[in-house]
Each structure stands twice: as C-alpha cells, then as structure tokens.
Amino acid sequence: MARWDIFCSVVDNYGDIGVTWRLARQLAAEQGHSVRLWVDDLASFVRLCPAASSDAECQHWRGVEVRRWAEPFPIVEPAEVVIEAFACQLPSSYVAAMTASGTRRLWLNLEYLSAEDWVAGCHGLPSPQSGGLQKFFFFPGFVEGTGGLLREADLLPRRDAFQGDEQAQQAFLQSFGVVREAGARLISLFAYENPGLAKWLDALAADLQPTQLLVPQGKILADLQAWLGETQLAPGDNRRRGNLQIHVLPFVAQDDYDRLLWCCDLNAVRGEDSFIRAQWAGRPLLWHIYPQEEGAHWDKLDAFMALYNVGLMPEAAAAQAGLWRAWNAGEGMETAWPALLDTWPVLQRHAEQWCDQQAARVDLATALEQFYRNWLSYAA
Ligand code: TRH
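Predicted model, so just to flag it, every value in this text is computed and none were measured.

Quick look at helix 5 (residues 155–163) now. All of the buried residues along helix 5 are Leu 155, Leu 156, Arg 159, Phe 162 and Gln 163. Viewed end-on, helix 5 has its buried residues packed into an arc of 125°, placing them on one side of the element. Across helix 5 from its buried face, at more than 90 degrees, point the exposed residues Pro 157 and Ala 161. Packed against the buried residues of helix 5 are helix 6 (166–174), helix 9 (254–263), helix 10 (273–281) and helix 14 (344–359).

Dropping the structure here:
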C-alpha cells in the first residue's frame with residue numbers, strides 16, 4: 001500500500017471531478033492505496049456524491065479522504081505518488097515539500113482523453129522539473145501504448161446483472177417517476193447547449209415508434225424548454241408531444257447515472273467521463289464533444305470515429321458519422337436520424353463488440369499501478 005495524492009481543479013462542468021473521484025475510489029478499493037483527493041470546488045463534488053459536505057476541510061467517502069484544496073495550502077507530507085489531473089498547478093508549497101523531502105516521489109500529470117494518433121507516442125514521457133523532480137505524462141486512451149480507460153473491476157458484471165433484471169430497472173426508473181411503455185425506445189440526454197435539438201425532437205415526435213427521453217437537469221434544458229414553449233422545467237416534469245414523451249430528471253448521483261445509461265437504448269453523452277460510461281453500457285451512443293477553441297475538437301471527434309468504426313459496415317459507419325457530425329455542428333438531424341435508425345441493429349451489435357474489445361484491455365487504475373511498480377523497480 002502506498003499513499004497517493006490526487007489534485008483536482010474544477011475548470012468547468014463535472015468532468016474533472018467526475019474522473020478524479022472515480023479514479024480515487026478505484027485506487028483505494030482495488031489497489032488498496034491510501035488516497036487523498038484534493039478538490040478546489042467541493043460544490044461540484046457534492047453533485048456527484050450528494051451525501052458529501054460542500055465545505056468540510058476533510059471528509060471520508062468510499063475509502064477516500066476528500067480534502068478541500070484552498071490557499072494557504074496546509075503543511076502536509078507529500079504522498080509517494082502525486083497525480084495532478086489535467087495539468088492543474090500543484091500548490092507551490094507542496095512542490096517545495098516534495099523537493100525538500102529528499103525522497104523520490106512519482107509525479108504524474110493525468111491528461112485528457114483523446115483517440116488521436118500522437119497520444120501513444122507521448123504517454124509515459126518524462127518532463128524534468130526544477131529542483132531535480134521529474135513529472136510523467138499519463139494519457140488515457142483506447143489503444144495499445146496508452147493508459148487505458150477508467151473501468152472498475154466489477155463494472156461489467158454489475159451492468160449485466162442490472163440489464164438482465166427487468167424489475168430492478170423498472171424500480172430504478174420509477175424512482176424518477178418514469179414508467180417504461182411497451183415498445184418505446186428509451187433515450188438519455190446529457191449534452192451542452194445545442195441548437196440542433198429542436199429538429200431531432202421534431203423527428204422523434206413524428207416517429208412511428210414511441211420514444212421516452214430522459215433528461216437529467218443540465219445545460220440542454222434551455223433548448224428543451226424553448227422547443228416545448230415553456231420556461232421552467234423541473235425534475236419530475238413529464239411532457240408528451242406526438243410520439244415523444246419527455247421526462248425531466250434530477251442530476252443523479254454518479255452511480256445512478258450508470259444505471260440510467262444501462263436502462264437506455266441510446267445514450268446522448270458529452271465531455272469525457274459520461275462518454276466513457278456510455279461505452280461501458282454497451283449501447284449505441286451520441287457524443288457531444290467538449291467544444292475547443294479553433295475547432296480543435298473536430299480532430300478528436302474524427303479520431304475517435306475512425307477507431308470506433310473499424311469493423312463496422314460502411315452504411316452504419318456513415319450513418320453514425322452523419323448523426324455525430326450534425327449533432328456537434330448544432331445542425332438539425334432530420335435526415336441523419338432516420339438514416340441511423342435504418343442501421344440500428346448493426347449499431348447495437350457494434351456497441352457491444354466495441355465495449356468487449358475495450359474491456360479486454362488494461363483499465364486506467366491498473367495501468368497507473370503498473371506504471372508505479374515499474375517506476376519503483378527502476379528506482380531500486
Ligand atoms: O461535465 P462535462 O461536460 O465535463 C467536461 C469534460 O470532462 C471535458 O472533457 C472537460 O474539458 C470539461 O468538462 C472541463 O462531461 P463529463 O466529462 O461527461 O462529466 C460529467 C460527469 O457528471 C460524469 O462523471 C457523469 C456525471 N453525471 C452524474 O453523476 N449525474 C448525472 O445526472 C449526469 C447527467 C452526469
């Protein structure tokens with residue numbers, strides 16, 4: 001067992017805390033490490049872990065010590081392994097303590113996820129720091145030579161049990177006031193603001209097959225309200241337009257969000273962490289990528305689609321690419337959506353195969369552990 005410190009600065013949204021909280025729990029539960037998670041915005045943490053406090057200096061959840069990261073930074077002994085998530089700046093007093101201790105410590109920068117080719121070449125590279133310290137870049141990824149994806153050891157067995165248990169799914173949905181209608185397709189919707197939503201909802205409302213759309217509270221609600229001609233949708237609200245039924249959900253606890261994805265036939269997800277969780281659901285997905293300056297996100301989107309589409313029939317690959325491109329461009333999906341439905345069974349099978357293929361790879365927490373062990377033996 002070693003002591004690990006993970007530093008999380010919440011830049012925007014929930015991805016930073018979502019990833020680090022998940023990683024912290026897994027390192028503690030599966031690798032037996034003593035993990036401290038330093039968070040500069042506990043309010044965001046509370047959204048994912050509602051039982052937590054938004055102002056406690058120190059609290060313990062799921063085997064992790066969660067510490068408020070504020071200035072002045074307290075005097076603490078640095079851990080043996082230090083992770084700065086997404087290039088956040090470690091407190092200068094903490095770095096000074098690492099230098100002064102005279103003990104070698106593994107310092108890692110956990111990077112954002114990308115399927116681009118250059119990632120494998122940069123994963124694990126050292127970066128010398130002042131004071132004789134060394135930092136390593138750790139890149140998650142989908143291919144050999146990267147750090148893998150976050151996946152708890154029991155995730156897929158738990159998913160299988162839940163997906164195989166109709167009653168458990170019904171009870172879960174009913175806890176949000178949702179009753180699944182026979183023959184209805186279930187879609188979850190988590191996305192950034194998107195002007196393309198209206199046309200998609202038009203298409204769903206006019207579709208022969210009924211749809212139930214489950215929308216946790218978030219940025220997309222304003223576009224949904226505009227389409228409905230309303231101003232104040234709240235969790236628990238249900239609306240019907242044609243063959244489309246809309247259910248507004250609260251922002252659910254992180255573990256419940258997995259269950260929501262497991263219930264649905266298609267999951268519209270965004271950013272990084274929900275995007276990965278939708279892949280582990282083994283169901284088709286629609287990704288709203290986090291928009292970057294100068295359109296840098298389009299390269300990331302294309303890189304992922306190129307990987308994901310390997311082995312997929314060309315018609316299905318084109319349909320999926322058409323839908324994802326339209327959604328991310330904020331365009332109407334009135335042609336892309338029916339084209340996707342035409343290849344639906346193929347996309348369903350492919351989502352399962354992709355999930356199995358990714359699950360055969362080493363997960364990110366295990367890859368970090370292996371990196372640490374190699375580093376230790378190299379040091380010895
Ligand atoms: O919130 P995000 O848009 O976060 C983003 C991305 O990480 C992006 O890459 C980053 O650059 C930017 O933040 C700063 O999307 P993401 O990554 O999917 O994180 C959402 C988290 O919220 C994820 O852990 C799932 C969780 N979640 C819940 O726990 N309950 C919910 O009801 C919903 C909808 C999400």
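With that settled, consider the site of the ligand. Lining the immediate surroundings of the ligand are 22 residues, of which Tyr 192, Val 252, Arg 270, Asp 273 and Ser 274 lie closest. A distance of 2.9 Å is found between an oxygen atom of the ligand and a backbone nitrogen or oxygen belonging to Gly 15. Here Val 252 contributes a backbone N or O atom positioned 2.6 Å from a nitrogen atom of the ligand. Expressed as a share of its isolated accessible area of 710 Å², the protein-covered part of the ligand is 97%. Of all the secondary-structure elements, those providing two or more residues to the shell around the ligand are helix 1 (15–31), helix 9 and helix 10. Per element, the largest residue contribution to the shell around the ligand is three residues, and it comes from helix 1. A per-class count over the shell around the ligand returns 11 nonpolar, six polar and five charged. Summarising the domain contributions, the shell around the ligand has at least three residues from each of domain 1 (3–149 + 362–379) and domain 2 (155–359).

Relative to the helices and strands, Leu 368 is located in helix 15 (residues 364–379). Through-space distance from the C-alpha of Leu 368 to that of Phe 138 is 8.2 Å; in sequence the pair is 230 residues apart. In this structure, Leu 368 is in contact with Trp 4, Leu 23, Ile 83, Leu 108 and Phe 138, ignoring residues within four places of it in sequence.

Before going further, it helps to spend a moment on the packing of aromatic side chains. Where two aromatic rings form a pair, the distance of their centres and the angle of their planes describe that pair. Evaluated as defined, the whole model comprises 33 aromatic pairs. Consider the rings of Trp 4 and Tyr 372, whose centres lie 5.7 Å apart with planes at 70°: the pair is edge-to-face. Of the two residues, Trp 4 is situated in strand 1 (residues 3–8) and Tyr 372 in helix 15; the sequence distance between them amounts to 368 residues. Under the relative-accessibility criterion, Trp 4 is labelled buried at 1%. Here the aromatic rings of Phe 304 and Trp 324 are separated by 5.9 Å at their centres, their planes lie at 5°, and the arrangement is stacked. With Phe 304 in helix 11 (residues 296–308) and Trp 324 in helix 12 (residues 314–329), the pair connects residues that are 20 residues apart, well separated along the chain. Here Phe 304 matches Trp 324 in class, with each residue buried. An aromatic cluster is present here, built from Phe 142, Phe 275, Trp 287, Phe 304, Tyr 308, Trp 324 and Trp 354 joined pairwise through their rings. The residue whose ring lies beneath Arg 47 is Phe 251, and the NZ or CZ to ring-centre distance is 4.6 Å. Over the ring of Trp 280 we find Arg 151; its NZ or CZ atom is 5.4 Å from the centre of that ring.

All told, the structure shown has 22 salt bridges when counted by the stated rule. Across the pair Asp 207 and Arg 185 runs a salt bridge whose closest N-O atoms are separated by 3.1 Å. Of this pair, Asp 207 sits in the loop between helix 7 (197–206) and strand 10 (211–216) while Arg 185 sits in strand 9 (residues 185–189), and the two are 22 residues apart along the sequence. The class of Arg 185 is buried, set by a relative accessible area of 6%. Salt bridges sharing common partners tie together Arg 22, Glu 152, Asp 258, Asp 273 and Arg 277.

Counting through the fold element by element, Ala 24 comes out in helix 1. Residue classification places Ala 24 among the buried residues on the basis of a relative accessible area of 0%. In the structure, Ala 24 is positioned 10 residues away from Ser 34 in sequence and 9.2 Å away in space, judged by C-alpha atoms. Non-local contacts of Ala 24, meaning those with residues more than four positions away in its chain, are made with Ile 6, Val 35, Leu 37 and Val 64.

The next subject is the pairing of strand 10. Regular strands show a simple pattern: their side chains alternate between the two faces of the sheet. By the criterion of burial, strand 10 is predominantly enclosed, with six of the six residues buried. Burial of strand 10 is two-sided: the residues Thr 211, Leu 213 and Val 215 facing one way and the residues Gln 212, Leu 214 and Pro 216 facing the other way are all buried. By the bridge criterion, six bridges tie strand 10 to strand 12 (residues 244–249) in an arrangement that is parallel. Bridge pairing in strand 12 places Thr 211 opposite Leu 244.

Attention now moves to the domain arrangement of the protein. For the protein, the domain assignment lists domain 1 (3–149 + 362–379) and domain 2 (155–359). The distance between the C-alpha centroids of domain 1 and domain 2 comes to 30 Å. Each side of the interface is counted separately: domain 1 has 21 residues, and domain 2 has 24 residues. On the domain 1 side of the interface with domain 2, the three residues burying the most area are Arg 22, Phe 142 and Leu 149, jointly 30% of the side's total. For the interface between domain 1 and domain 2, the tally reads three salt bridges. Close ionic contact of Asp 255 with Arg 25 constitutes a salt bridge, the shortest N to O distance being 3.4 Å. Taken together, domain 1 and domain 2 are joined by nine residue pairs in polar contact (both at pLDDT 80 or more). No other element matches helix 1, which puts five residues into the side of domain 1 that touches domain 2. Per-class residue counts for the side of domain 1 that touches domain 2 are 12 nonpolar, three polar and six charged.

Criteria and thresholds
Residues numbered from 1 in each chain as written. Predicted model: local features only at pLDDT ≥ 70, side-chain atom pairs only at ≥ 80, totals over all residues. Heavy atoms only, no water. Buried < 20%, exposed > 50% of the residue type's maximum accessible area, 1.4 Å probe, protein only. Helix = DSSP H or I, 4+ residues; strand = E, 2+ residues; numbered from the N terminus. Arc of directions from axis to C-beta. Contact = heavy atoms within 4.5 Å. Near = heavy atom within 4 Å. Polar contact = N/O pair within 3.5 Å; in protein donor to acceptor, adjacent residues only side chain to side chain. Areas by Shrake-Rupley, 256 points an atom, 1.4 Å probe, with all protein chains shown as cover. Nonpolar A, V, L, I, M, F, W, Y, C, P; charged D, E, K, R; others polar. Domains from an automatic or database assignment. Phe/Tyr/Trp six-rings, centres within 6.5 Å; stacked < 30°, edge-to-face > 60°. Lys NZ or Arg CZ within 6 Å of the ring centre and 35° of its normal. Salt bridge = Lys/Arg side-chain N within 4 Å of Asp/Glu carboxyl O. Pairing = 2+ DSSP bridges. Buried area = accessible area lost by both parts, 1.4 Å probe.

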